[in-house]
Each structure stands twice: as C-alpha cells, then as structure tokens.
Amino acid sequence: MRTKFKAWAKPFLDEHLEISLPVEELSSLDNIYLEIGSGKGEFLIKMAKKFPKLSFIGVEKNVTCAGITAKKMVEADVKNAKLIYADAQQLLPNFKDGSVKTIFLNFSDPWPKKRHHKRRLTSDLFLKEYLRVLAKGGRLIFKTDNSDLFKDSLEYFENSSFKLISYTENYLGDDEFDTSTEYEEFFRKEGTPIKRVIYEK
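Residues numbered from 1 in each chain as written. Predicted model: local features only at pLDDT ≥ 70, side-chain atom pairs only at ≥ 80, totals over all residues. Heavy atoms only, no water.

Undergrad: Any chance you could explain the pattern of salt bridges here in plain terms?
TA: Should the charged atoms of two oppositely charged side chains come close, the side chains can pair. According to the stated counting rule, one finds 17 salt bridges in the structure shown. Among the salt bridges present, the one from D178 reaches K143, with a minimum N-O distance of 3.1 Å. Here D178 is found in the loop between β6 (163-168) and α7 (182-190), whereas its partner K143 is found in strand β5 (residues 134-144), with 35 residues between them in sequence. Sharing partners across several salt bridges, the network here consists of E42, K46, K72, E182 and E185. (Salt bridge = Lys/Arg side-chain N within 4 Å of Asp/Glu carboxyl O. Helix = DSSP H or I, 4+ residues; strand = E, 2+ residues; numbered from the N terminus.)

Laid out in structure tokens, this is it:
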C-alpha cells in the first residue's frame, strides 16, 4: 500500500513547525513514548488522545506520510505529541541514554530482500540504539502482519539483551496500552493475523 506523493506535504510541514521538535532539543527530553515509522499518524494521534498525560514523539521519513500526519495533528489540536520528519537511524543518536519509556514499531517495512535486512527497524544496528535510549524497564512493542519479518525479528531479539514479556501470533488488539493503525484495521478486515511481541530492557 504505497502512498502516492503529495506535493503539498513538505510545504505543510515547513509551515507547521509547532507540531515538530528541533533535533537539538531531543537531548534534553525524558519519559518519551516513541513511535518509529508513524505512517499516516493514526496510532500516534489516537495514543496521544487516549493518554493525554504522556509525551509522544512520532518519527517518519516518508515526506508524504509525514505531511498527512502533520495535517491530522493540526486538525486534531493534539498537545502531547510531536512529529519529526527524519530518518530514525540518523535521529536516534540525538536522544540521551535512558530517555525513552516505550518504543513502538508498528507494521514496519519488511525489507524482504536479504541484502536489505540491515535496514529493518528490528535489525541489530537498531536494537543497540533502542537499548541505549530506553530507560531501565523500558519496553519495545512490535506489531506486524509479515511472517518472515516476525520470525527473523525474533532471532534478532534473541541475540540481544532484551527480555521477552509477551508473545502472540494472533493479537486481538485487547491491550489497553495500545490502539490500532490504518494497516492493522486493513489487515484485520482481510483476516490476516497480527503478530505482536513486547520486550523489556
């Protein structure tokens, strides 16, 4: 489900800096709930509304998706969420150690070709950074419809110091600390099982 390019997206992001965060401010933040790969913003906005006392940051590198999310955030007047249009690999080093309470990875790009596996958001390169930025007892929550990505990711996690807290290959969406994404709603209508794991630092 590739998103068609929207020429208005980048100008909209530039015009609405109030929903973004300067990179230089990231090193001063604490107790962050971070979604990497926010897509069109459904999860980020719904979680921010559901938990108004928590601080959410969404990271999205696709300019059209980021623009769509920004537009939704402005319309919803969400106060406790920010969006950063950037590549997570370049952005993560700007977070200080232990500053993130939870990382959400929702329906990440599976990068199916083996030569691209290092780009996966669950690859060893990313897991090392997640472990650094997560607070003690912080959690990483990963949802996907892709069986190969799920299986491979379990191996990546097993080779890290993350501790498995919860595992299901047919997640029903019944965790209170969660909400659905656009992809999730589509896959559920199609009858595709949702796989979900929670790991703890």
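After presenting the structure, the write-up continues.
Undergrad: What should I look at first to understand the sheet that holds strand β4 (residues 100-106) in this one?
TA: Remark on secondary structure: sheet strands pair via backbone hydrogen bonds, oriented parallel or antiparallel. Taking strand neighbours across the sheet as the criterion, the seven strands line up as β3-β2-β1-β4-β5-β7-β6 in an open arrangement whose pairing is mixed. Two strands close off the open sheet at either side, each with one partner strand: β3 (81-85) and β6. Pairwise comparison of adjacent strand axes, ignoring direction, gives a mean angle of 15° for this sheet. Looking at chain direction, strand β1 (residues 32-36) and strand β2 (residues 55-60) are connected through five bridges and run parallel. Paired with I36 across the two strands is V59, which belongs to β2. (Pairing = 2+ DSSP bridges. Axes fitted to C-alpha atoms, helices over the stretch in contact; angles between N-to-C directions.)

Undergrad: Please clarify how a positive patch on the surface should be interpreted in this entry.
TA: Residues K61, K113, R115, K118 and R119 make up a contiguous surface patch of positive charge. Turning to its location among the elements, K113 is positioned in the loop between β4 and α5 (124-133). (Patch = residues over 30% accessible without salt bridge, like charges linked within 9 Å, V, L, I, M, F, W, Y side chains within 5 Å. Areas by Shrake-Rupley, 256 points an atom, 1.4 Å probe, with all protein chains shown as cover. Lys, Arg positive; Asp, Glu negative; His and termini not counted. Charge placed at Lys NZ, Arg CZ, Asp CG, Glu CD.)

Undergrad: I keep staring at the nonpolar core and nothing clicks. Help me out?
TA: One broad trend across soluble globular proteins is that nonpolar side chains are buried collectively. Within the largest apolar cluster, 33 residues are counted, with the highest numbers of intra-cluster contacts made by L34, I36, I57, F95, I103, Y130 and F162. Counting residues per element, the ones that place at least two in this core are β1, β2, α4 (88-91), β4, α5, β5, α6 (147-158) and β7 (195-200). Top element by residues in this core is α5. It accounts for five residues. Excluding anything up to four places from it in sequence, I36 contacts V59, A88, L92, I103, F104, L105, L121 and Y130. (Core = buried A, V, L, I, M, F, W, Y, C linked by side-chain atoms within 4.5 Å. Buried < 20%, exposed > 50% of the residue type's maximum accessible area, 1.4 Å probe, protein only. Contact = heavy atoms within 4.5 Å.)

Undergrad: Help me understand the layout of surface pockets, please; the structure alone is not making it clear to me.
TA: In this approach the atoms are scanned with a rolling probe the size of a water molecule, which exposes any empty space left behind. Each pocket or cavity is described by its volume, and for the largest pocket that value is around 1300 Å³. E60, F107, S108, D109 and Y183 are the residues nearest the centre of the largest pocket, which is lined by 41 residues in total. Broken down by secondary-structure element, the contributors of at least two residues to the lining of the largest pocket are β1, α2 (42-50), β2, α4, α5 and α7. Looking at which element gives the most residues to the lining of the largest pocket, the answer is α7, with four residues. Looking at the lining of the largest pocket, its residues break down into 16 nonpolar, 12 polar and 13 charged. By volume, the second largest pocket amounts to about 180 Å³. As for the second largest pocket, its lining consists of 13 residues, of which L13, L17, S20, I84 and Y85 are closest to the centre. (1 Å grid on protein atoms, 1.4 Å probe; cavity = no way out; pocket = protein on both sides within 12 Å on 5 of 7 lines; lining within 4 Å. Points joined across faces, edges and corners; volume = space filled by probe spheres on them. Nonpolar A, V, L, I, M, F, W, Y, C, P; charged D, E, K, R; others polar.)

Undergrad: Whenever I open this one, the packing of aromatic side chains confuses me. Can you help?
TA: Pairs of aromatic rings are described using the distance from one ring centre to the other and the angle between the two planes. Following the criterion strictly, the structure yields 16 aromatic pairs and no others. For the ring pair F150 and Y167, a centre distance of 5.7 Å and an interplane angle of 35° mean the geometry is tilted. Of this pair, F150 sits in helix α6 while Y167 sits in strand β6, and the two are 17 residues apart along the sequence. A centroid spacing of 4.0 Å and a plane angle of 15° characterise the contact between F157 and Y199, whose relative ring orientation is stacked. Of this pair, F157 sits in helix α6 while Y199 is found in strand β7, placing the two residues 42 residues apart along the sequence. Taking the relative accessible area as the measure of exposure, Y199 reaches 5% and is therefore buried. An aromatic cluster of at least three residues, connected via ring pairs, comprises Y33, F43, F51, F56, F104 and F177. Sitting over the face of the ring of W111, R119 holds its NZ or CZ atom 4.9 Å from the ring centroid. Residue placement shows R196 over the ring face of Y171; its charged tip is 4.4 Å from the ring centre. (Phe/Tyr/Trp six-rings, centres within 6.5 Å; stacked < 30°, edge-to-face > 60°. Lys NZ or Arg CZ within 6 Å of the ring centre and 35° of its normal.)

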